[in-house]
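Spelled out from the first residue to the last, the chains are:
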Amino acid sequence: MSENKIIDGKIVSAEIRKKVKELGGELIKNTGKTPGLAVVLVGDNPASRVYVKNKIEKTKEVGFNSIEHKLDEKVTEKELIKIVDKLNEDLNVQGILVQLPLPNHINSDKILDRIKPEKDVDGFHAQNVGKLWSGLTSLVPCTPLGCSILVKKISKDLSGKNAVIIGRSNIVGKPMAALLLEMNATVTICHSRTRDIETVCKDADILVAAVGIPEMVKSSWIKDGAVIIDVGINRIEREEKKILVGDVDYNECLDKCSKITPVPGGVGPMTIACLLLNTLLASYPQFGEQTPDLSSILE
Ligand code: NAD
């Protein structure tokens, strides 16, 4: 029975990548131009290196061009801005992603805001953030976009439902709130200064955990039948093995919830699929083409 409760991000993300490849193929055929995604990696963070490697592989798999800039940890802010400016003007580049975190001597906000909004496939530029909160069409941050697609597989309209998000980051928590509002949920955001999170979570029909604390959410925190989206990716050691766990105690919560995303294999694969989807979305206007109806992917 518990298999029916699992929201399989591997299956949904594979469907999205297949659709992106199909639509991308049509776009290439119609325009003679191939969408290009530029990834900028600064320094040697092992987790970032793995993410970037995956992103590059999956970009090529859908038939898009991958442009890579691997820069030394010591690159200056000025040099990085110069690279972003060049990519902004490059007609072979439709999407630009600067892998976070950046080294401390570089102001991330300044770099992210330097990316042309129409090439901002991470959806972090202030213009895209503003559009998202205004309910206008925009490039939406990939992880929350992926979460919203998974939620829509269960229910497209969350009227009358309470959604609680734990975490208020610009990358996950805040944009997630905007997307759930758009789906008519009543949304609460909890964070490190929230008092008695457990009580707030108990009211959630949809609970999104994006904190970075291994297995923080216990079964006593959740309502019977809650839908749980676990964004957390935490590397821990258990019984002398290195394993990945989420922010939710999966084994404890499985019985009580109605649906849950596993870690790994839940939200994680959706992030890259949505990055490719955003690259496709960014490419239509840049190639002078009308964006087709993508509701079959987004819902
Ligand atoms: P972040 O560190 O930027 O934000 C964490 C948030 O959690 C903050 O808003 C903070 O206020 C809140 N928080 C911290 N301690 C808390 C506590 N004790 N109680 C309640 N709230 C608390 O992290 P992020 O970038 O939003 O990522 C969150 C998690 O999601 C991490 O585990 C990260 O690895 C994971 N993540 C996964 C993907 C994916 O593709 N699956 C993408 C991005 C992030």
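Residues numbered from 1 in each chain as written. Predicted model: local features only at pLDDT ≥ 70, side-chain atom pairs only at ≥ 80, totals over all residues. Heavy atoms only, no water.

Caption draft 1: Representation of the nonpolar core. Ile16, Val20, Leu180, Val208, Ile229 and Val231 are the most contacted members of the largest nonpolar core, which has 55 residues in total. The element best represented in this core is helix H10 (residues 268-286), accounting for 10 residues. Among the domains, domain 1 (19-119) and domain 2 (142-268) are the pair contributing at least three residues each to this core. Counting residues in each nonpolar core, the second largest holds 19 residues, with Leu71, Val75, Val98 and Leu102 among its members. (Core = buried A, V, L, I, M, F, W, Y, C linked by side-chain atoms within 4.5 Å. Buried < 20%, exposed > 50% of the residue type's maximum accessible area, 1.4 Å probe, protein only. Helix = DSSP H or I, 4+ residues; strand = E, 2+ residues; numbered from the N terminus. Domains from an automatic or database assignment.)

Caption draft 2: Structural context of the layout of surface pockets. For the largest pocket, the calculated volume is near 1400 Å³. If you trace the largest pocket, you find 46 residues lining it, with Tyr51, Thr143, Ile233, Gly268 and Thr271 closest to the centre. For the lining of the largest pocket, the secondary structure elements donating two or more residues are helix H1 (9-31), helix H2 (46-61), strand E3 (95-98), helix H6 (142-154), strand E8 (234-238) and H10. Here the lining of the largest pocket gets 8 residues from one element, more than from any other, and that element is H2. Looking at which domains feed residues into the lining of the largest pocket, each of domain 1 (19-119) and domain 2 (142-268) gives three or more. A volume near 850 Å³ is recorded for the second largest pocket. Lining of the second largest pocket is provided by 29 residues; of these, Leu136, Thr137, Ser138, Val140 and Leu298 occupy positions nearest its centre. For the lining of the second largest pocket, the secondary structure elements donating two or more residues are helix H5 (126-133), H6, helix H7 (173-182) and H10. Partitioning the lining of the second largest pocket into residue classes produces 15 nonpolar, 8 polar and 6 charged. (1 Å grid on protein atoms, 1.4 Å probe; cavity = no way out; pocket = protein on both sides within 12 Å on 5 of 7 lines; lining within 4 Å. Points joined across faces, edges and corners; volume = space filled by probe spheres on them. Nonpolar A, V, L, I, M, F, W, Y, C, P; charged D, E, K, R; others polar.)

Caption draft 3: Inspection of the sheet that holds E3 at higher detail. The sheet built from 3 strands is open, its strands ordered E2-E1-E3 with parallel pairing. The sheet is open, and its two edges are formed by strand E2 (65-71) and E3, each paired on a single side. Pairwise comparison of adjacent strand axes, ignoring direction, gives a mean angle of 15 degrees for this sheet. Inspection of the sheet shows strand E1 (residues 36-42) paired to E2 by 7 bridges, in the parallel sense. (Pairing = 2+ DSSP bridges. Axes fitted to C-alpha atoms, helices over the stretch in contact; angles between N-to-C directions.)

Caption draft 4: Looking closely at the site of the ligand. Neighbouring residues of the ligand: 21 residues in total, closest Arg168, Ser169, Ser192, Val231 and Thr271. Within the backbone of arginine 168, an N or O atom sits 2.7 Å from an oxygen atom of the ligand. Here serine 192 contributes a backbone N or O atom positioned 3.2 Å from an oxygen atom of the ligand. In isolation the ligand exposes 850 Å². Once the protein is present, 71% of that is buried. The site holding the ligand turns out to be the largest pocket. Classifying every residue of the shell around the ligand by side-chain character gives 10 nonpolar, 10 polar and 1 charged. (Near = heavy atom within 4 Å. Polar contact = N/O pair within 3.5 Å; in protein donor to acceptor, adjacent residues only side chain to side chain. Areas by Shrake-Rupley, 256 points an atom, 1.4 Å probe, with all protein chains shown as cover. Sits in = over half its atoms within 2 Å of the grid points.)

Caption draft 5: Inspection of the pattern of salt bridges at higher detail. A complete count under the given rule lists 11 salt bridges for this structure. Notably, a salt bridge pairs glutamate 61 with arginine 17, separated by 3.8 Å at the nearest N-O pair. Taken together, the residues glutamate 61 in helix H2 and arginine 17 in helix H1 connect sequence positions 44 residues apart. The exposure class of glutamate 61 is partly exposed, given its relative accessible area of 42%. You can call arginine 17 buried: its relative accessible area is 19%. Of the charged contacts in the structure, one is a salt bridge between lysine 202 and glutamate 198, with a shortest N-O distance of 3.9 Å. (Salt bridge = Lys/Arg side-chain N within 4 Å of Asp/Glu carboxyl O.)

Caption draft 6: Representation of the packing of H2 against H10 in the model. At a closest axis distance of 10 Å, the pairing of H2 and H10 adopts a crossing angle of 50 degrees. By the criterion of interaxial angle, the relationship of H2 to H10 is oblique. Relative to H10, the crossing made by H2 is right-handed. Here Asn54, Lys55, Lys58 and Thr59 of H2 come into contact with H10, specifically with Ile272, Leu275 and Leu276. Residues that form the contact of H2 with H10 fall into these classes: 3 nonpolar, 2 polar and 2 charged. (Parallel < 35°, antiparallel > 145°, perpendicular 65-115°, else oblique. Left-handed = near helix turned anticlockwise from the far one by under 90°. Contact = heavy atoms within 4.5 Å.)

Caption draft 7: Examining the domain arrangement of the protein chain more closely. The assigned domain composition of the protein chain is domain 1 (19-119) and domain 2 (142-268). Centre-to-centre, using C-alpha coordinates, domain 1 lies 28 Å away from domain 2.

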